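Spelled out, the chains give:
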Amino acid sequence: MELEDGVVYQDDPGTSAMMSERVSGLASSIYREFERLIGKYDEDVVKELMPLVVAVLENLDSVFAENQEHEVELELLKEDNEQLITQYEREKALRKHAEEKFIEFEDTHEQEKKDLQNLVDRMESHSRQLELKIKNYSDQISRLEENELVLKKECNTLHQRRSEMIHNYMEHMERIKMQQISETSESTTGGRVR
């Protein structure tokens, strides 16, 4: 087994291009150490160890790449989390504002409802008072109409009595006049006789 041009055992030829700098640095250090051991002892010393180290390095690189992916995912998740927290705070503030507006609207609505109920109560009370006044006026008008009828009857009766009295008076005056005329004529006739 030869270590020429820095090529180490690898399953995939494109893996070295994707190998991270860290793992690549470790591979270079191990490669130099293997060269030193081969130079000092022999190629057989590292023959069994070489595939294991390559597998470990490839696994290390794979884990390192996964770790970087996880870190990227973690950063993305952190950003998403921050955006979600910001959105949550904004929605929470909007909800609180909406609840305050709703409570304010409810209070205003409740006050308007009370004011309208008070107005309705006052109007009903005023309506009852007016109905009572109308009933009183109606009763009063009925009594006045009855009184008017009574007064008309009395007036008619008085008028009739007055007419009768005038008639009686005229008749009485007529009788007196006739009596005076007859007395005068008698006294005139009697004076002549005397």
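Reading the values: rules and limits
Residues numbered from 1 in each chain as written. Predicted model: local features only at pLDDT ≥ 70, side-chain atom pairs only at ≥ 80, totals over all residues. Heavy atoms only, no water. Helix = DSSP H or I, 4+ residues; strand = E, 2+ residues; numbered from the N terminus. Buried < 20%, exposed > 50% of the residue type's maximum accessible area, 1.4 Å probe, protein only. Contact = heavy atoms within 4.5 Å. Areas by Shrake-Rupley, 256 points an atom, 1.4 Å probe, with all protein chains shown as cover. Salt bridge = Lys/Arg side-chain N within 4 Å of Asp/Glu carboxyl O. Patch = residues over 30% accessible without salt bridge, like charges linked within 9 Å, V, L, I, M, F, W, Y side chains within 5 Å. Lys, Arg positive; Asp, Glu negative; His and termini not counted. Charge placed at Lys NZ, Arg CZ, Asp CG, Glu CD. pLDDT = per-residue confidence, 0-100. Expected span 1.5 Å × (residues − 1). Arc of directions from axis to C-beta. Core = buried A, V, L, I, M, F, W, Y, C linked by side-chain atoms within 4.5 Å.

A. Expanded view of the overall build of the protein. Within the protein, the secondary structure is distributed over four helices and zero strands. Start at the N end of the protein and walk to the C end: the helices and strands fall as α-α-α-α. Expressed as a percentage of the 194 residues in the protein, the buried residues total 8%. Put simply, of all contacts in the protein between residues at least 6 apart along the chain, 77% involve residues at least 24 apart. When the accessible surface of the protein is summed, it comes to about 17,200 Å², and 56% of that surface belongs to carbon and sulfur atoms.

B. Region of the structure containing the pattern of salt bridges. Going through the model one piece at a time under the given rule, you end up with four salt bridges. A salt bridge links R36 to E33, with the nearest nitrogen and oxygen atoms 2.3 Å apart. Taken together, the residues R36 and E33, both in helix α2 (residues 21-40) and three residues apart, mark about one turn of the helix. The partly exposed category is assigned to R36, whose relative accessible area is 44%. Residue class for E33 comes out partly exposed when judged on its relative accessible area of 36%. A salt bridge links R95 to E99; its shortest N-O distance comes to 3.3 Å. Residue R95 and its partner E99 are located together in helix α4 (residues 49-193), separated by four residues, close to a single helical turn. Under the relative-accessibility criterion, R95 is labelled exposed at 58%. Accessibility expressed as a relative area gives 38% for E99, which makes it partly exposed.

C. Structural context of a negative patch on the surface. On the surface, a cluster of negative charge is made up of E71, E75, E79, D80 and E82. Checked against the element boundaries, E71 lands in helix α4. On the accessibility criterion, E71 (46% relative accessible area) is partly exposed.

D. Structural detail: the confidence of the model for the protein. For the protein, the mean per-residue pLDDT works out to 83, and 87% of the residues sit at or above 70. Here helix α1 (residues 15-18) is the element of the protein with the lowest mean pLDDT, 44, and α4 is the one with the highest, 88. Considering only residues more than four positions removed or in separate chains, one finds that residues 1-17, a stretch of pLDDT under 50, has 25 contacts.

E. View of a nonpolar patch on the surface. A cluster of nonpolar side chains, I166, Y169, M170 and M173, forms an exposed patch at the surface whose accessible area comes to about 390 Å². Relative to the elements of secondary structure, I166 occurs in helix α4.

F. Looking closely at α2. The end-to-end C-alpha separation of α2 is 28 Å, in line with the 28 Å expected for 20 residues at 1.5 Å each. Within the span of α2, buried status applies to V23, A27, Y31 and F34. Each buried residue of α2 lies within a common arc of 80° when the element is viewed along its axis, so the set occupies one face. Exposed and facing more than 90 degrees away from the buried side of α2 are E21, R22, R32, G39 and K40.

G. Examining the nonpolar core more closely. Judged by nonpolar contacts, V23, A27, F34, V46, M50, V53, V54 and L57 together constitute the single largest core of eight residues. Sorting the residues of this core by element identifies α2 and α4 as the ones contributing at least two each.

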